[in-house]
Amino acid sequence: MDGTTALRVGWRRRWYAVAMATVAAGTVAVLADDAIRVAIAHPQIWLMTGLALVAGWITIVMLATPQRIPMVISPAICFTFAILLCWGLGPAILAQALALAVIAWRRRRPLAEAAQIWGQYTLAFLAAAAMLWLGDPDPFERDGPTHIASDAVTVLAAMIAWLLVFATVELLHAVVGRGTPLRCPGLRRVVANHVLFKAALLSMSPVLAVAAHINVGFVPLVFIPLYAVQRLARLSADRDQAARMDPLTGLANRAGLRNRFQELLADIPKSARPAPGAPTGLVLLMLDLDRFKHVNDSLGHDVGDRVLTAVANRLTMALPTTATVARLGGDEFAVLAASTDPGEAERLGSATLRALTDPVAIDGLQIDVSASLGIGHHAAGEDFGKLMRHADVAMYEAKKLGGSSVVTYSAIGDHNSPQRLHLIADLRDALLPTGAGQLALHYQPQVSLATGEVEGVEALLRWQHPRLGPIPPAELLTVAEHSSVMQQLTAYVVNEVVAQLAAWQAQGIQLRASLNVSVRDLYSDDLATHLARRLAEHGVPPSRLQVEITESALLADPSRVQATVNQIAALGCTIALDDFGTGYSSLQHLRRLPIGEVKLDRSFVAGMVDNPGDAAIIHSIVAMARLLGIRTVAEGVEDEPTRLALAAAGCTLVQGWITAPAMPAAELASWLVPRPPAYVTAV
Ligand code: C2E
Ligand code: CA
Ligand code: CA
C-alpha cells in the first residue's frame, strides 16, 4: 500500500468509526429514559447484564482476519439479544455497550474501536427490534396466550434481520474501514465464520428469554453449553493454526507462508494494483543452510533440531516484524515481505545473512550456520508456486557460487524459464552459418615465467548476441550445458581452434592452444573422434592441442569421463586440469589420469601475496606437480607481486591480465611480434 492509499484508508476508517459511534450514541440518547425505567422495573435485567459481562470477560475465540486484525467472538450476544427479546432495544444496547467495554479492556483493544463495533451492533439490534415490533411476540412482552407458530417466526425473523445487518456492516467495515477488496476469499470466509458463530449464539437467546420469565435461576446454566462451544471453537482455531505452523520452530510452514502471501496480495488496494507482469512489491527470500546435513549426520538429529530452532530465533529477532519467517522443511527457511521500496529485498537479504554469520553454540560446540540465499520478486498475475520456484532457482544458483552468496532470480539463471529457452534457441541460430560473426574465440597468452616466451594460448568463447549484446561465457555455458546444443558448441570451438592452429602454423607461429570442454562433452566418444578428424584434416600435430577439463567434470561420472580423457590423451593431445584446488582436488586424479598441466585457480593465485594459506597451497601444488612432471599454469595473474611470488614458487606459466587479456586471433598475431622484454623474470 503506498502512502496516499494508506492515508485515504486511514481517513475512511476514522469516518466510519465516527459514523458508527454516532449511530450508537444517538440511539441510546433517544432510548435512555425508557431504558432506565425498564431497568428499574425489572431486576432480572441486572442478572442478564451481569452474565453478558462475564461472557464478555471469557471471550470465546479470536479469528484472524485477512489483515490479521483479531476478530473477537464473544458469547455476550446471547444475553444481550435475550434482553432485547424481553425488555426492548434500550436495555439491550446499553448492556451490549458494557459487554464491549469489558471485551476491549480484556483484549487491550482501544475504546474507540469498541465504540465503533457498538455502532455496528446497534444497527443490527435496530433491525431485529423492527421485526419484533412488527410481529409483536407475546411471551416476551406480557403474560398472555402464546401463539407458538407466529411468535417463533417473529423471533426467527428478528434473528435473521440481526445477522443480515451484522454481516453487511462487517463487510462494509472491512472494505471501507480497512480497504480490503470485497472479492478477497479470506475476507468472505472470515465473515461467514463470524456470522455462523453469531447465529449459534443468537439461537440460545430465546431459550434464555423464556427462562428469564419463568425462573431466572436457570439462566446461568447456559454457561455449560457456552463453555463447550468455546472449547470446540478454540480447538478448531488451534488446529487451523497448527496446519500453518512448523511444530519444531513455531514459524509458519509452507501452508502458512502461502496463506500470508494471499493476505499480502489482498492487502494491495484495487487502485494500487500493478498491471500483469509488473512487480507487486512482494519478495520471497529462500535460504538453505550450508552443510547442515553434516551436522545432522555427525552430531545427531537432536543437535540438528536445536540448530534449526536457534536459526529460527535469530531470523525472527533480526528481521522486521512485517516480514514473515517460515521454515519450509529440513534446513530450508523463507522470508516473505511486501514493500514498495526496491532495495528492501537486498536489505532483508543482508540482514538475514548477517544474522547467520556467527556460529551457533550447542553443548560447547560452535556450529556454522551460514546459508545461501535466493531472492524472488513477485510479478502481478503470478501465483505463489511460481514465486517459490523463482526464489528456489536463485537459491540453487547461490549455492553453486558457495559461501553465503545472495542471488536474485533472473530468468537467465533458470534452466527452464522462457528467456532461457529463447537463449538456447538463439545459440542454435548463432551456430548456423547464418549466425556467423556472433560467436568468436579469443585467445589469452600463457607466458613462461622463466623465459618470458609465449608458449601457448587458451581459447575462450565470446558471444555477441544480436539483441542482448555480449553474453558472459559463464552464463552462456550454464544455458548450453543443460541442452544438446553444448556438443554443437564444442564442435564449433574444436573446428575454430584447430583451423587457427593450422593458420598460425602456416605463418610460422609455433603455439600450443588449449580449449575448454564441458562435462557433457566428456560423456560421449564423439569428442575424441571429432578432434582426431579435425587435426588430421588440417595437418596439425596433436601435441599442439590441449584439452582443459575441470575437476568437477571428473567427479560427475569418473569411469565414463576417464575413458574419454584416455582417448584424447591417446591421440597425443595434452590434458589440463582446470580450476585446480577449487573442487575435491584429489591427488588420485594426478596419478591416475594422463594429466600434462595443472591450472592453479585464480582464487588462490589472487590471494597468494596476502594470504599465507593460499601461498602454501600454491607452493605445495607446484612442488608436487613438478615431481610428477606436470606443468603448472597460474590463472588470473593481475599484478607484479603475484607474478614474482609465482616465479619464486617455481610455477611454469602465467596467464592473466598482467600479460594480456584474451583477444581475437588477428590481434594476437600483432601482439606477439614486439614481445615486451620485461616479462622475463630471473629466478
Ligand atoms: P576458465 O577456463 O577458468 O577461464 C579463465 C577465465 O578467467 C576467463 O574468463 C578469462 O577471461 C578470465 N581471466 C583471464 N585472466 C584474468 C585476470 O587476470 N583476472 C581475472 N579476473 N580474470 C581473468 P571467461 O572468458 O569469462 O570464461 C569463463 C569460463 O567460461 C572459463 O573459465 C571456462 O570455464 C568457460 N569457457 C570459456 N570458453 C569456453 C569454451 O569454449 N568452452 C567451454 N566448455 N567453456 C568455456
Ligand atoms: Ca579454462
Ligand atoms: Ca580456470
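It should be emphasised that the depicted structure is a prediction, and the values quoted were computed from it without experimental measurement.

## A closer look at the overall build of the protein chain
And then number 1: Within the protein chain, the regular secondary structure consists of 26 helices and 19 strands.
And then number 2: A total of about 31700 Å² of accessible surface is found on the protein chain, and carbon and sulfur atoms cover 62% of it.

## A closer look at the site of ligand 1
And then number 1: Around ligand 1 there are 21 residues in total, and Gln444, Leu461, Arg462, Glu638 and Trp657 lie nearest to it.
And then number 2: Contact between ligand 1 and Glu458: an oxygen atom at 3.2 Å from a side-chain N or O atom of the residue.
And then number 3: For ligand 1, whose accessible area on its own is 790 Å², the fraction buried by protein is 82%.
And then number 4: Of all the secondary-structure elements, those providing two or more residues to the shell around ligand 1 are β11 (454-465), α16 (473-481), α17 (485-507) and β15 (574-580).
And then number 5: The leading source of residues in the shell around ligand 1 is β11, at 4 residues.

## Brief notes about the coordination of the calcium ion (ligand 2)
And then number 1: Taken together, Glu458 (OE), Asn516 (OD1), Glu548 (OE) and Asp578 (OD) make up the protein donors of the calcium ion (ligand 2), found 2.1 to 2.3 Å from the metal.
And then number 2: Every donor residue of the calcium ion (ligand 2) comes from the same chain, spaced as E-x57-N-x31-E-x29-D.
And then number 3: Taken as an interatomic distance, the gap from the calcium ion (ligand 2) to the calcium ion (ligand 3) is 4.0 Å; Asp578 donates to each of them. Of the two residues, Glu458 sits in strand β11 while Asn516 sits in strand β13 (residues 512-516), which places them 58 residues apart along the sequence.

## Some points on the coordination of the calcium ion (ligand 3)
And then number 1: The protein atoms that coordinate the calcium ion (ligand 3) are Asp578 (OD), Asp579 (OD), Glu635 (OE) and Glu635 (OE), at distances spanning 2.1 to 2.6 Å.
And then number 2: When the donor residues of the calcium ion (ligand 3) are listed from N- to C-terminus, their spacing reads D-D-x55-E.
And then number 3: On the accessibility criterion, Asp578 (6% relative accessible area) is buried.

## Describing the confidence of the model for the protein chain
And then number 1: Taken as a whole, the protein chain shows an average pLDDT of 86; of its residues, 90% reach a score of 70 or greater.
And then number 2: Note on residues 65-69: pLDDT is under 50 here. Beyond four places in sequence and across chains, it has 17 contacts.
And then number 3: Predicted confidence is poor over residues 677-683, with pLDDT under 50, and the contacts of this stretch with residues over four places away or in other chains come to 17 contacts.

## Thoughts on the side chain of Thr632
And then number 1: Relative to the elements of secondary structure, Thr632 occurs in strand β17 (residues 631-635).
And then number 2: A relative accessible area of 1% places Thr632 in the buried class.
And then number 3: Thr632 has contacts with Val598, Val622, Ala625, Gly650, Cys651, Thr652 and Leu653, leaving out every residue within four places of it along the chain.

## Brief notes about the pattern of salt bridges
And then number 1: Enumeration according to the criterion identifies 15 salt bridges in this entry.
And then number 2: With a shortest N-O distance of 3.0 Å, Asp246 and Arg327 are connected by a salt bridge. Here the residue Asp246 occupies a position in the loop between α9 (223-243) and α10 (254-267), and Arg327 occupies one in strand β4 (residues 324-329), the gap between them amounting to 81 residues.
And then number 3: In the salt-bridge network here, residues are joined through shared partners; they are Glu458, Glu548, Lys599 and Glu635.

## Details of the nonpolar core
And then number 1: Counting 79 residues, the largest nonpolar core has Val497 and Leu646 as the members making the most contacts within it.
And then number 2: Among the elements that make up this core, the one with the highest residue count is α17 (11 residues).
And then number 3: Apart from residues no more than four positions distant in its own chain, Val497 is found in contact with Leu441, Tyr443, Ala459, Ala513, Leu515 and Leu545.
And then number 4: Listed in part, the 59 residues of the second largest apolar core include Ala24, Ala167, Met204 and Ala209.

## Brief notes about unusual backbone geometry
And then number 1: Phi at Arg108 is positive, roughly 55°, even though this residue is not glycine.
And then number 2: Among the structural elements, Arg108 can be located in the loop between α4 (89-107) and α5 (111-135).
And then number 3: Judged by relative accessible area, which is 75%, Arg108 ranks as exposed.
And then number 4: Of note, the phi angle at Asp363 is positive, near 50°, even though the residue is not glycine.
And then number 5: Given the relative accessible area of 61%, Asp363 is considered exposed.

Quick notes on the rules
- Residues numbered from 1 in each chain as written.
- Chains lettered and ligands numbered in written order.
- Predicted model: local features only at pLDDT ≥ 70, side-chain atom pairs only at ≥ 80, totals over all residues.
- Heavy atoms only, no water.
- Helix = DSSP H or I, 4+ residues; strand = E, 2+ residues; numbered from the N terminus.
- Areas by Shrake-Rupley, 256 points an atom, 1.4 Å probe, with all protein chains shown as cover.
- Near = heavy atom within 4 Å.
- Polar contact = N/O pair within 3.5 Å; in protein donor to acceptor, adjacent residues only side chain to side chain.
- Donors = N, O, S within 2.8 Å, 3.2 Å for Na, K, Ca; no water.
- Buried < 20%, exposed > 50% of the residue type's maximum accessible area, 1.4 Å probe, protein only.
- pLDDT = per-residue confidence, 0-100.
- Contact = heavy atoms within 4.5 Å.
- Salt bridge = Lys/Arg side-chain N within 4 Å of Asp/Glu carboxyl O.
- Core = buried A, V, L, I, M, F, W, Y, C linked by side-chain atoms within 4.5 Å.

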